[in-house]
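Coordinate analysis (summary)
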Amino acid sequence: MRSNNLLRRTLLLAALSSTFFAAQADTLDNIKAAKKIRVSIDLAVPPSGMTDANMKPTGSDYDVAVLLAKDLGVALEVVPTVGATRIPNLQTGKADLIISTLAWTPERAKVIDYSVPYAPQISLVGGIKSLNVKSMADLAGKSVAVNRSTTQDTDLTQNAKGATVVRYDDDAGVITAVVTGQADLVGTSNALFQTMVQKAPNRQLEQKFVLRVNDLGIGVRKDDPTLLAWVNEWVKANHANGKLNEIFKKYHGTDIPKDVVEKWVK
């Protein structure tokens, strides 16, 4: 009797496991059935994500999401996010994908899957001209503003020995801190830093040094191979036809480097 009960429990667990993994693998079918894809986008990271004068979403990440939804034949639902909630939104099922300046890191790759990169992102330290900062070592004893849970936060926390990393909950807070003089140094993307330069010409902001050049990928839940495969093929196709480059150039003022595109598409 005990043996039969154990066998039944084993078969039940196996059935439940099969159902779970099948459900995970059916995300693409579920999106098509719902005729809607939910994409997590930070709309406070210009020019990648922002709102226009009419409070409508815009930016390079938003346009990428619009193109993806159109090619998939479904409506787009934007799931607003900040840097720290991008991955939780995906893991808890609030979003189907992340298209939100999501740079590849080993830590993130443990909990989500990344698509083939759709765009590059230059990550840097910038600040006022009067500060003599040329490397990580020069940050000792200084404060650096960052958006919480970004790659800049991670890089500076791990490598800027003796520096104070001042964390803000979103990029809007970081921009305000730099523009108003609350922060003299910042770790951010090149695109956001140019926004700060434009907003506060009197602060004489300049790039100090490059932290890294990030590959930006579309975030997909683990154990969702069908959706990941579709997204990868979509990214490759839209690199090849130039549509992703058109979007990038429209908002960032430069082309995606050809050698980088060729590496990703192969």
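Predicted model only: the values in this text are computed from it and were never measured.

**Thoughts on helix H9 (residues 225-240)**
Here H9 spans 22 Å end to end across 16 residues, near enough to the 22 Å set by a 1.5 Å rise per residue. Following H9 by one or two positions, Gly 242 has its phi on the positive side, about 85°.

**Some points on the pattern of salt bridges**
Going through the model one piece at a time under the given rule, you end up with 11 salt bridges. Among the ionic pairs, Lys 222 bridges to Asp 113, the shortest N-O distance being 3.0 Å. Of this pair, Lys 222 sits in the loop between strand E12 (219-221) and H9 while Asp 113 sits in strand E6 (residues 112-114), and the two are 109 residues apart along the sequence. For Lys 222, a relative accessible area of 30% corresponds to the partly exposed category. Relative accessible area serves as the criterion here: at 19%, Asp 113 is assigned to the buried category. Across the pair Asp 184 and Arg 203 runs a salt bridge, and its minimum N-O distance is 2.6 Å. Of this pair, Asp 184 sits in the loop between helix H7 (171-179) and strand E10 (185-189) while Arg 203 is found in the loop between helix H8 (190-199) and strand E11 (205-216), placing the two residues 19 residues apart along the sequence. Arg 203 sits in the buried class, given a relative accessible area of 15%.

**Here we look at the pairing of strand E8 (residues 143-147)**
Counting buried residues along E8, 4 of its 5 residues qualify, which places the element largely inside the surrounding structure. Here E8 pairs with strand E9 (residues 164-168) via 5 bridges, running parallel. In the sheet register, Val 146 faces E9, and the bridge partner there is Arg 167. A crossover connection joins E8 to the parallel E9 through helix H6 (residues 151-159); in handedness this β-α-β unit is right-handed.

What counts and what doesn't
Residues numbered from 1 in each chain as written. Predicted model: local features only at pLDDT ≥ 70, side-chain atom pairs only at ≥ 80, totals over all residues. Heavy atoms only, no water. Helix = DSSP H or I, 4+ residues; strand = E, 2+ residues; numbered from the N terminus. Expected span 1.5 Å × (residues − 1). Salt bridge = Lys/Arg side-chain N within 4 Å of Asp/Glu carboxyl O. Buried < 20%, exposed > 50% of the residue type's maximum accessible area, 1.4 Å probe, protein only. Pairing = 2+ DSSP bridges. Right-handed = clockwise from strand over helix to strand, strands pointing away.

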